[in-house]
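Observations on chain architecture
Each chain, letter by letter, is given below.
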Amino acid sequence: MHFDLPMDLYEKREGKDVLETEFLPALETGNISVIGAAIYIEDRYLPDTSLRVALDQIARVYAETAASQQFAICKSFGEIQEAHRTRRIALVITMEGVEPLGTDLNQLRVFYELGVRSIGLTHARTNAAGHGGIFAASGSPQEGLTAFGQDVVRECEILGIIIDLAHINPTGFEEILSMTTKPPIVSHTNARCYYDIERNISDEQIKMIGERRGVIGVNSILVSPRAEESTLDRYLDHIEHIANLIGIDSVGIGFDFFEFIYRQWPESRQKELAAKLATPHFIRDLTNHSHAPNLTRRLIERRFSDTDIEKILRGNWLRIFEETLNG
Ligand SMILES: [Zn+2]
């Protein structure tokens, strides 16, 4: 439920058939059927060109999808089912950080019409809607959402946009839960008991999601602060930890594969990321979508039942789409 695909398509906007040549092979090998394709605006575009870059990212998703028989942009549960029936990969457009909206709620309606079906208010920074949790155990601002952030949350529920609690600071997290009624999601995160930073979620927060029948997508690049512990088994530990706390119906996949972008960066930019956020530790046998069967195999080895594996890999997210998306 989280993949930085639109950002990369935008960076390669002069290219042709990028989706088919650079992404499809791994997605097919991994047997991936639904992707949350996240619009994200990098710092260097803020604030002036956020809206333009977001629109261009969506334009590239549409253009690349139109050029392929293998993908479908899906705006409803029915369209996701139809994509599965016709053996195409469903792309659900999401937004990570509402910077493209500026402070204009009308823009939310526009992005909804363009197909955005899930929104997280912030990345690991402050914007007009609220504050993101930081990559440290504490230290983000204590306050919750701004009035604009509250308006966005209310409007999302009315429109049928899934509200994603990934990245939001702890105060904002609770505030959003208190304002909403539908099952909440955390599209890509990890358990703080294994990696204690605000960007991940505590046992208490995990329980809050469980109480509301929400779903937590387990992230593959922040399973441990230590490279040597960033393993497929530790990824499974996160799944088991969440399932033990709130049940199998609330665990999903939020790989957030990022290595394909990271390796394109010069060393200076990789160092910048390490200084500003954290050094990502990629799991050797869970680095891209082609590795998904490794996860399935390990779930079987750890004696998860077929029914539970189906829920973790697919069924739980489908329930969220069915219960949350209008139409
Ligand atoms: Zn993220």
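Here, the structure is the one placed above.
Residues numbered from 1 in each chain as written. Predicted model: local features only at pLDDT ≥ 70, side-chain atom pairs only at ≥ 80, totals over all residues. Heavy atoms only, no water.

Axis separation between helix α8 (residues 203-211) and helix α9 (residues 232-246) bottoms out at 9 Å; the angle between their running directions is 60°. Compared by their axis directions, α8 and α9 come out oblique. As for how α8 packs across α9, the hand of that crossing is right-handed. Residues Asp203, Ile206, Lys207 and Gly210 of α8 form the contact with α9, whose participating residues are His241, Ile242, Leu245 and Ile246. Here the contact of α8 with α9 is composed, by residue class, of four nonpolar, two polar and two charged. (Axes fitted to C-alpha atoms, helices over the stretch in contact; angles between N-to-C directions. Helix = DSSP H or I, 4+ residues; strand = E, 2+ residues; numbered from the N terminus. Parallel < 35°, antiparallel > 145°, perpendicular 65-115°, else oblique. Left-handed = near helix turned anticlockwise from the far one by under 90°. Contact = heavy atoms within 4.5 Å. Nonpolar A, V, L, I, M, F, W, Y, C, P; charged D, E, K, R; others polar.)

Next up on the list: unusual backbone geometry. Each neighbour pair has its own omega, and for Leu46 with Pro47 the value is -10°, a cis peptide bond. Looking at where Pro47 falls in the secondary structure, it is placed in the loop between β1 (34-39) and α3 (50-66). Even without being a glycine, Arg213 presents a positive backbone phi close to 60°. Relative accessible area serves as the criterion here: at 43%, Arg213 is assigned to the partly exposed category. Residues other than glycine seldom take positive phi values, yet Arg303 does so here, at roughly 70°. Along the polypeptide, Arg303 turns up in the loop between α12 (292-301) and α13 (306-324). Residue class for Arg303 comes out exposed when judged on its relative accessible area of 74%. (Buried < 20%, exposed > 50% of the residue type's maximum accessible area, 1.4 Å probe, protein only.)

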